[in-house]
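Residue-level structure breakdown
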Amino acid sequence: MNFLENIFEGLVRSANRVIMREIRDGLFLTATGSEVLDLIAAARSYLQDRGVKKGDRCAILGHNSIRWAALDLALIAEGAIVVPLYPRQAASELVFMMKDCGVSVVLCSDAILSKAILESWTDAAPIVLFDEVFRGAAGSARALATVPEPEATNAGLGDADPVTIIYTSGTSGEPKGVVLNVGNINHMLPCTGSRLDSLMKGQREPDQVFHYLPFCFAGSWILLLSCLSRNSLLTLSTDLAKLADDLALASPQYCLNVPALLERIRAGVEGQIAQKPWFVCAIYRKGKSAWIRGFEGQSLGIDALWVGLANWLLFSRIRKKIGPSLKALICGSAPLSKETQLFFMMLGIPVLQVYGLTETTAICTMDDPRHYRPGRVGPAIPGIEMRLGDGDEILLRGPNIFPGYWNRAEATASVIRNGWFHTGDQGSVDERGNWAIVGRIKNLLILSSGHNVAPEPLEEAIERALPVAAQVVVHGNGRGYLTAIIAGPVSRQQVEAAIAVANMKVPHYKNVRAFLLQADPLTIESGLLTANGKLKRDAISAHYGKELEGLYSSRKVGA
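Right, let's walk through the structure included here. These figures come from a predicted structure and were not determined experimentally. (Residues numbered from 1 in each chain as written. Predicted model: local features only at pLDDT ≥ 70, side-chain atom pairs only at ≥ 80, totals over all residues. Heavy atoms only, no water.)

Re the pattern of salt bridges
Considering all chains together, one arrives at 23 salt bridges under this definition. Linking E549 and R479 is a salt bridge whose minimum nitrogen-to-oxygen distance equals 2.6 Å. Here the residue E549 occupies a position in helix 18 (residues 545-554), and R479 occupies one in the loop between strand 23 (471-475) and strand 24 (482-487), the gap between them amounting to 70 residues. Within this structure, D197, D207 and R230 form a network of salt bridges that share partners. (Salt bridge = Lys/Arg side-chain N within 4 Å of Asp/Glu carboxyl O. Helix = DSSP H or I, 4+ residues; strand = E, 2+ residues; numbered from the N terminus.)

This is the structure we're talking about:
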């Protein structure tokens, strides 16, 4: 049985149980298993009428919703190749992707997105709104009637058949379409399910899962399929501006996060505590220091008192406000700082890290809930081999590795060599097989002195000392010293203090000696961030080229 057939069987078993819900203006829009099957049946009927056939590339452009998930499953069941697109991305970039893979139809959630595409692509492929696709399913998940089980698949899908083309972030150069096949997903979902089983410890009731990350990203999509493959209730947040309220309303047991959100939660909590009376600040500070010493096995005699007092007055209340039912926060897309992971652990909320790339079906390693090490991203998932290559580059092989980039044989050959996928990530592994991610090989800065510097740890150190900054970007390739761009509402004095703190902890050649202030945060719309918020380093260097050159010619500390 392949992953799709397993999901369909699960939907039938959950015919009368709510399995998905959206939060809309503080209210739940729900769908049972049978209602999701009805949506899938309506979508498949529409696709068949349009003549969509096996192998056709079909784009989904829309925000997370129950209908998005149903349309995704319908396309896979018909044998089509799903091309999920990020609705916040620039229309010109979306058009490039759709042209690159030759989409036959664009399935769009609303007219605004449709209009943006048509303005950038005059001879666009047919664009169809979700409303038209689901017209035969009464238009609303809440109003749907139970329908008979649809055929699981009529496309005769085998392990080698492509399921999706997910475009990479494009941190340098044009995005590439990562092809993932049935075999990739068949291997990955049991692996994620096993880790979630360990987390939930045999719970019989449905997992309560909260989700806000766009389905068009590989890790987010794998979580969607994982929830549909197991006994879960998946709650979708549809408004990032109301994320905190939605999280409280959903009261989940776990959710998938990116480091930036957890860093913001930590900064927000500590910022609020800093505004409290002096004795509250003192209890928090002493309680935190005592907890850290205990974690490191260096407790002092009075530490138990401080931890108990801080937990009674502060930690337990903060934990309840963040999520009283949370068993864990899951974090991926980039390494999370050890300090932030320890902060949540101190509150009694484990943070389990996941590492992977789109090319690895989103996941290579996952923390084991029963024993994990802060600052690392866990051991390799079952069936996956990992080792270090030249320059400590992480190399992988296994059934989760993608078959190749869409129509880019040369690019595929450059990353899959002698059967090993070259991740481009620099890493390390401890004696228990837990991996840590140092940075990207291609981001490595080589100073004129010959020293090699990974910028990511320095950026993270400055960001920790300067939580109000939106982004920190370290430069210096081929130069005599390092400089940085600091974006966000920060003052020169704040930046100088933060850089001084970061510089104290590293060798002299890793010191940041000058910086450029940029009041406005870097954005996806400006072309300086990727669709999932990562730095486009080449674009940033080009955009601020003149200003950066000035930092080296003037040798001023700050500009």
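Description of the sheet that holds strand 23
Within the open sheet, the three strands sit side by side as 23-24-25. Their pairing is mixed. This sheet does not close on itself; its edge strands, each paired only once, are strand 23 and strand 25 (512-518). Adjacent strand axes in the sheet meet at a mean angle of 20°, parallel and antiparallel pairs treated alike. With five bridges joining them, strand 23 and strand 24 adopt antiparallel strand pairing. Each bridged residue has a counterpart across the sheet, and for H475 the counterpart in strand 24 is T483. Across the sheet, helix 15 (residues 455-465) touches strand 23, strand 24 and strand 25, and the angle it forms with strand 23 is around 140°. Contacts between helix 16 (residues 492-503) and the sheet are confined to strand 24 and strand 25, with strand 25 contributing the most and set at about 145° to the helix. (Pairing = 2+ DSSP bridges. Axes fitted to C-alpha atoms, helices over the stretch in contact; angles between N-to-C directions. Contact = heavy atoms within 4.5 Å.)

Points about the packing of aromatic side chains
Counted by the stated rule, this structure contains eleven aromatic pairs. Judged by centre distance (6.4 Å) and plane angle (85°), the rings of F130 and F134 are edge-to-face. Of the two residues, F130 and F134, neither departs from the other in class, the shared state being buried. Ring plane angle 65° and centroid distance 4.8 Å describe the contact between F402 and Y405, whose orientation is recorded as edge-to-face. Just as F402 is buried, Y405 falls in that class too. Following the ring pairs from residue to residue traces out a cluster consisting of F402, Y405 and F421. When the ring centre of Y552 is taken as reference, the NZ or CZ atom of R479 above it lies at 4.4 Å. (Phe/Tyr/Trp six-rings, centres within 6.5 Å; stacked < 30°, edge-to-face > 60°. Buried < 20%, exposed > 50% of the residue type's maximum accessible area, 1.4 Å probe, protein only. Lys NZ or Arg CZ within 6 Å of the ring centre and 35° of its normal.)

Section: the pairing of strand 24
Burial runs high along strand 24: six of the six residues are buried. Covered by surrounding structure in strand 24 are L482, A484 and I486 together with T483, I485 and A487, the residues of both alternating faces. Linkage of strand 23 to strand 24, two consecutive antiparallel strands, is achieved through a turn of six residues, within which G476 is found at a positive phi near 150°. Bridge count for strand 24 against strand 25 is six bridges, and the pairing is parallel. Opposite I485, over in strand 25, you have L516 as the bridge partner. Where the polypeptide runs from strand 24 across helix 16 and back to strand 25, its parallel neighbour, the crossover connection is right-handed. (Right-handed = clockwise from strand over helix to strand, strands pointing away.)

Concerning the sheet that holds strand 13 (residues 351-355)
With mixed pairing, the eight strands of this open sheet are ordered in space as 2-1-10-9-11-12-13-14. Each of the sheet's edge strands pairs with one partner strand only, and the pair in question is strand 2 (27-32) and strand 14 (365-366). Summarising the sheet, strand 1 (residues 18-24) and strand 10 (residues 232-237) pair through four bridges and their orientation is parallel. Looking at strand 10, one finds that M20 is bridged to L234. The sheet strands contacting helix 9 (residues 243-250) are strand 1, strand 2, strand 9 (207-211) and strand 10, and the helix crosses strand 9 at an angle near 170°.

Some points on the nonpolar core
A general feature of soluble globular proteins is that nonpolar side chains tend to end up buried together. One finds F3, M20, L71, L75, W221 and L224 to be the most contacted residues of the largest nonpolar core, which totals 121 residues. If you tally residues by element for this core, the top one is helix 3 (residues 66-77), at ten residues. With 21 residues, the next largest nonpolar core counts L85, C108, I117 and W121 among its residues. (Core = buried A, V, L, I, M, F, W, Y, C linked by side-chain atoms within 4.5 Å.)

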